[in-house]
Structure formats: structure tokens, C-alpha cells
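Listed below are the residues making up each chain.
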Amino acid sequence: MYRKLKEAIATYNDVESDNVLIDAGATNILHAVFVRAKKLGGRIITYRPTFPYPLEYAKNIDIQVRYVDLDHEFKLNIEDILQLNPKESDVIMIINPNNPTGNIVLGSSNYMKELLSSGALVIHDEVYFEFSGFTFKDLIRNYDNLVIVRSLSKAFALAGFRVGYALGSRELISELRNYQQYYPIPTVSAIAGITALSDLDYMKSIVSEVIKEREWLMSMLNEVEGIIPYESLTNFILISLKDIGIKGEEMFNYLKQNGVYVSYYPHEPRLTYCIRVSIGLREENEIFIKLLKSYVGRLRG
Ligand SMILES: Cc1ncc(COP(=O)(O)O)c(C=O)c1O
């Protein structure tokens, strides 16, 4: 089953099976890359704000994590990364589109190539690829130090089955295999993955529904005075409540009392006044926007 899943992933991505590494979610792919960095004595170089959980794991196993700041539009300036003088033992980690900002932080393949030329192992996390259509996958043909990270947790909705994968050169994939657990995923997860990949039309129809709903929610959010929703190429939207002085935690608590769960970022100084909402069904999105409007409206009198 494992081999069949690998073949299905290879076909989906138009690569060879040898270019595919499967693990229990993108999370475990990232962990395998981090363990390699640990062995080589390398650092992880990344940016803020970004998805923190894999980096917490890296810190817990004593890997040094260096951050640069995204600019005011949440874009990455590669000079900031290059100034840290990345070496072959280091990992440069880029999530694109980024979580939780939802945007493309690095759009130019020339800039990507500059990062790759540093010799560091570059992680390009594309777990939201099916929503964004944005990938640097084709660069694995020419760069041995690029690892594309994907997941079936998002567009394929298999988060509980834990199926993630990496795409990379044959040499890199075979090296990374040494840092995985011996049996990476259960057979039942492999079957779920194969089944999901056998009906791409279904996945695409769900993705286009999510995108339609995201655009609808965005237009509703744009009508609410004083808040800033950020353009997103994912299945969520980051919203700043800073101009109306509402902290993310305050809005989180209000929404939670009313049965709606969003994310907030108390430990990320630039996002203290932000919430991140996942795109739901129309009726769920309507409940969310109604609650948000009523809270903001009450404050404004
Ligand atoms: C950017 C990013 N990378 C990785 C993951 C982990 O995905 P998985 O469920 O495949 O481990 C997530 C999950 O939210 C994510 O947002």
C-alpha cells in the first residue's frame, strides 16, 4: 500500500516515485529535516510571523532557530536571510503561502534560486498548494538542496489520517529517509491517501467551493469599518482589529462564548490584535460575520 501511495503521489505531481518521501503529516517531514540539521549542527533560518509549532519542536531538540521579520506587507526580503550567512548544514524554512498571513511571502523563482545557491537546505512548505496553485516543485530537478513539503490534511481533508509528503531530488529523498521512523504511516492512512488521490475532480470541486466562500467572506469583511482582512491564497483569512483596539484574545473569547472558534496569536507581537478564521460553509461564515459585526458595532456605539 505504501508503495502504491508513493506512486499515486508521484503521478499527481508528475515526478518519479524516488522523488517522494511519505510521512505522518507535513509535521513529520519537517521533523525529519530538523533532525538532519541537528545531526549536522546546523541552524534553522526562518521569519516571523509564521507557523510556530514545528519550530517549537526544533527548539526542544536544541536546534538554534534564527528569525528575520517579514516586511509591512508580510513579504520576505531575501537579503535579510542571506545576511545571516546560511551554510550547508543550515535549513532555510519558507512557508508559501504563509500561515497565518495567507499570502505568498516569496514569489520570485530568481530569489528562490539565490537562497538555494547559499547551499543551505531550503524547505518550501506548500501545504496550501491546492488553494494557491503556487509551487517551486520544478526546481527539484536542478537543486539537490530543495525540499518541497506537502500534505493531504488541507485540500484533501485527511488531517486525522496523517499523510504528508516531501518532493526532492532522488539523493536528498534517500538521505532524508534515514531520519524518519522506520514505519512512517499506517496502512489505513495509505488507503485513505490513495483513495483521495484517485478522485482529483472531487478535491478540485471542494477547493473551488472554499475559494468562492473565501471571496464572499472577504467581501463581507471589507464592508466592516475599522478592520483589515488580509488577502489570502489559503483556506483561512487573517484579520487585524488593531485600528479598533480589540485584541485577538478578546475577540476569540467573545466568539467562543457564541460557539465559534478562531485562532489568535498572543505570543506573536505583530499579531496581538489579529484573529485567523478558517473558511467554513456559507451558514457558518454567516454566523461568524454576524457576530463580528455585532461586537465591532457595539464598540463603535
Ligand atoms: C504551514 C503548515 N505546515 C504544516 C502543517 C502541518 O500539516 P500536517 O497535518 O500535514 O502535519 C500545517 C498545519 O496546519 C501548516 O499550516
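Further up the page is the structure itself.
The topology assignment puts Asn145 in the loop between α6 (129-132) and β6 (146-151). Here Leu116 takes part through its backbone oxygen, which lies 2.8 Å from a polar atom of the side chain of Asn145. In this view, Asn145 contacts Leu116, Gly119, Ala120, Leu121, Val122 and Leu172; residues no more than four positions away in its chain are not counted.

As a further point, take the environment of Ile44. You can see Ile44 is positioned in strand β2 (residues 44-48). Along the primary structure Ile44 and Val260 are separated by 216 residues, whereas in three dimensions their C-alpha atoms are 35 Å apart. Among residues more than four places away in sequence, those in contact with Ile44 are Phe34, Leu55, Ala58, Ile63, Gln64, Val65, Arg66, Val91 and Met93.

As a further point, take the side chain of Arg214. Along the chain, the position of Arg214 falls in helix α9 (residues 200-222). Here Arg214 occupies a buried position and makes no salt bridge, while the nearest side chain of opposite charge, Glu215, is found at 4.5 Å. Discounting residues that sit within four places of it in the chain, Arg214 has contacts with Ser232, Leu233, Thr234, Phe236, Ile237 and Ile279.

This next bit is on the layout of surface pockets. The computed volume of the largest pocket comes to approximately 680 Å³. Every residue lining the largest pocket is counted, 35 residues in all, and those nearest its centre are Thr50, Phe51, Pro52, Tyr53 and Asn99. Of all the elements in the fold, those that place two or more residues in the lining of the largest pocket are α2 (25-40), β2, α3 (53-60) and β10 (263-264). For the lining of the largest pocket, a count of residues per class yields 19 nonpolar, 8 polar and 8 charged. When residues of the lining of the largest pocket are assigned to domains, at least three fall in each of domain 1 (2-198) and domain 2 (201-300). There is about 410 Å³ of room inside the second largest pocket. As for the second largest pocket, its lining consists of 19 residues, and the residues nearest its centre are Lys154, Ala155, Ala157, Ile206 and Asn235. Among the elements that line the lining of the second largest pocket, the one with the most residues is α9, at 4 residues. Along the lines of polarity and charge, the residues of the lining of the second largest pocket split into 13 nonpolar, 3 polar and 3 charged. Each of two domains, domain 1 (2-198) and domain 2 (201-300), supplies a minimum of three residues to the lining of the second largest pocket.

On to the site of the ligand, then. Close to the ligand lie 13 residues, the nearest being Ala26, Thr27, Asp125, Ser151 and Lys154. For the ligand, an oxygen atom lies 2.6 Å from a polar atom in the side chain of Thr27. The separation between a nitrogen atom of the ligand and a polar side-chain atom of Asp125 is 2.7 Å. When atom positions are compared with the pocket grids, the ligand is found to occupy the largest pocket. Looking at the shell around the ligand element by element, the count peaks at 3 residues for α2. Partitioned by chemical class, the residues of the shell around the ligand number 5 nonpolar, 5 polar and 3 charged.

Calculation rules
What you see as residue numbers is a count from 1 along each chain, following the sequence as written. For a predicted model such as this one, the threshold for reporting local features is a pLDDT of at least 70, and the threshold for listing and counting side-chain atom pairs is 80 or more; totals across whole chains, interfaces and linings nevertheless cover every residue. The side-chain values count all of the structure's non-hydrogen atoms but skip hydrogen atoms and water molecules. To qualify as a helix, a DSSP run of H or I must reach at least 4 residues; to qualify as a strand, a run of E must reach at least 2; elements of each kind are numbered from the N terminus. Counting of polar contacts relies on pairs of N or O atoms within 3.5 Å, with two restrictions inside protein: one atom must be capable of donating a hydrogen and the other of accepting it, and residues adjacent in sequence are counted only when both atoms are side-chain atoms. Whether two residues are in contact is decided by their heavy atoms: any pair within 4.5 Å suffices. Here's how the labels work: a residue is buried when its accessible area is under 20% of the maximum for its type, exposed when over 50%, partly exposed in between, all with a 1.4 Å probe on protein chains only. Neither His nor the chain ends contribute to the count of charged residues, in which Lys and Arg are positive and Asp and Glu negative. One side-chain nitrogen of Lys or Arg within 4 Å of one carboxyl oxygen of Asp or Glu is enough to make a salt bridge. A pocket here means an open set of points on a 1 Å grid, computed over the protein atoms alone, that has protein on both sides within 12 Å along at least five of seven lines. A cavity is instead a set of points where a 1.4 Å probe fits but cannot get out; residues with an atom within 4 Å of a point line either one. Grid points are joined across faces, edges and corners, and a volume is the space filled by probe spheres set on the points. Under this grouping Gly is polar, as are all residues other than the nonpolar Ala, Val, Leu, Ile, Met, Phe, Trp, Tyr, Cys and Pro and the charged Asp, Glu, Lys and Arg. Either an automatic procedure or a domain database provided the assignment from which the domain bounds are taken. Only a single heavy atom is needed: when it lies within 4 Å of a molecule or strand, its residue is near that molecule or strand. In this scheme, a molecule is assigned to a cavity or pocket if more than half of its atoms are within 2 Å of the grid points.

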